[in-house]
Amino acid sequence: KYKLMSKEFPSRWDVLEDNLHADCRIFEVYKRRFRRQSDGVESDFFVLDTNDWVNVLAITPNDELVLVRQFRYGTKEYSLEPPGGVIEKGENPIVAGLRELEEETGYVGKDARLIGQARPNAAILSNHCYFVLVEDVHKTAKIAFDEHEELLTELYPVQNLKSMVANNEITHSIGLNAILKLILHRGL
């Protein structure tokens, strides 16, 4: 069993310098110099600043989850994951989720609600990913991919999600977080 050694938190780090290192279209890389408060140790760290993201957990009347399969440049592999994308500055995550769902899959639905959020990778990313649940979705709209998108929409029974995760059919970490929130939300 895990035992907390101290009730105090580790020392905070103060930002001494914050400089734009690279502008990479969908994110900016900052080189930040930090100093640890407890002992004065200083070091440089690189942080990716980007917009928040949204993943949509869209459920059909037949209790199927709408997922998309797409090529991912980082892994050079196909990934099965919930539809989603970038939240524009000032945009509500639910509005962004409904927009992304319609653009990427042609599905629309009712009663969208936020069921969670996560930090995609707090070590290097500054943003959040929000998880929006939309139920009773139907394919009624035309797909409108962004310039760099090409996705295949697939439907999977919600009851199969645990086995799909266990069998590594879904490996995208943010998609896994979204599915975990759905499983917890539904008490599966």
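Nothing here was measured: the structure is a model prediction, and the numbers come from that model. (Residues numbered from 1 in each chain as written. Predicted model: local features only at pLDDT ≥ 70, side-chain atom pairs only at ≥ 80, totals over all residues. Heavy atoms only, no water.)

**Q** Kindly report on the overall build of the protein chain, identifying the contributing residues and their values.
**A** What the protein chain contains, in helices and strands, is three helices and 10 strands. In the protein chain, the order of α-helices and β-strands from amino to carboxyl end is β-β-β-β-β-β-β-α-β-β-β-α-α. C-alpha extents for the protein chain along the principal axes are approximately 60 × 45 × 30 Å. For the protein chain, the residues scored as buried account for 34% of the 188 residues in total. Look at the contacts in the protein chain between residues 6 or more apart in sequence, and 58% of them connect residues 24 or more apart. Working note: accessible area of the protein chain is about 11,800 Å², and carbon and sulfur atoms make up 51% of it. For the protein chain, the distance from the average position of its 23 positive side-chain charges to the average position of its 30 negative side-chain charges is 8 Å. (Helix = DSSP H or I, 4+ residues; strand = E, 2+ residues; numbered from the N terminus. Buried < 20%, exposed > 50% of the residue type's maximum accessible area, 1.4 Å probe, protein only. Contact = heavy atoms within 4.5 Å. Areas by Shrake-Rupley, 256 points an atom, 1.4 Å probe, with all protein chains shown as cover. Lys, Arg positive; Asp, Glu negative; His and termini not counted. Charge placed at Lys NZ, Arg CZ, Asp CG, Glu CD.)

**Q** Which residues make up a nonpolar patch on the surface, and what values go with them?
**A** On the surface, W13, V41 and F45 cluster together into a nonpolar patch covering about 230 Å² of accessible area. If you trace the backbone, F45 turns up in strand 3 (residues 42-49). (Patch = residues over 30% accessible without salt bridge, like charges linked within 9 Å, V, L, I, M, F, W, Y side chains within 5 Å. Salt bridge = Lys/Arg side-chain N within 4 Å of Asp/Glu carboxyl O.)

**Q** Which residues make up the environment of L180, and what values do they have?
**A** Tracing the sequence through the fold places L180 in helix 3 (residues 173-186). For the pair L180 and V165, spaced 15 residues apart in the sequence, the C-alpha separation amounts to 9.6 Å.

**Q** Which residues make up the sheet that holds strand 7 (residues 84-86), and what values do they have?
**A** In spatial order, the strands read 7-4-9-8; together these four strands make up an open sheet with mixed pairing. Since the sheet does not close on itself, it has two edges, and those belong to strand 7 and strand 8 (107-118), each with one partner. Averaged over all pairs of adjacent strands, the angle between their axes in this sheet comes to 25°, without regard to strand direction. Relative to strand 9 (residues 129-139), strand 8 runs antiparallel, the two sharing eight bridges. (Pairing = 2+ DSSP bridges. Axes fitted to C-alpha atoms, helices over the stretch in contact; angles between N-to-C directions.)

**Q** So, the packing of aromatic side chains: which residues are in play, and what are the values?
**A** In this description, a pair of aromatic rings is defined by centroid distance and the angle of the planes. Summed over the entire model, instances satisfying the criterion amount to four aromatic pairs. With a centroid separation of 5.8 Å and 75° between ring planes, the pair formed by F34 and F45 is classed as edge-to-face. Here F34, found in strand 2 (residues 28-36), pairs with F45, found in strand 3; they are 11 residues apart in sequence, far enough to count as distant. Cluster of aromatic residues (ring-pair linked, three or more members): W13, F34 and F45. (Phe/Tyr/Trp six-rings, centres within 6.5 Å; stacked < 30°, edge-to-face > 60°.)

So, to be careful, I would describe these as geometric facts and stop short of saying anything about function.
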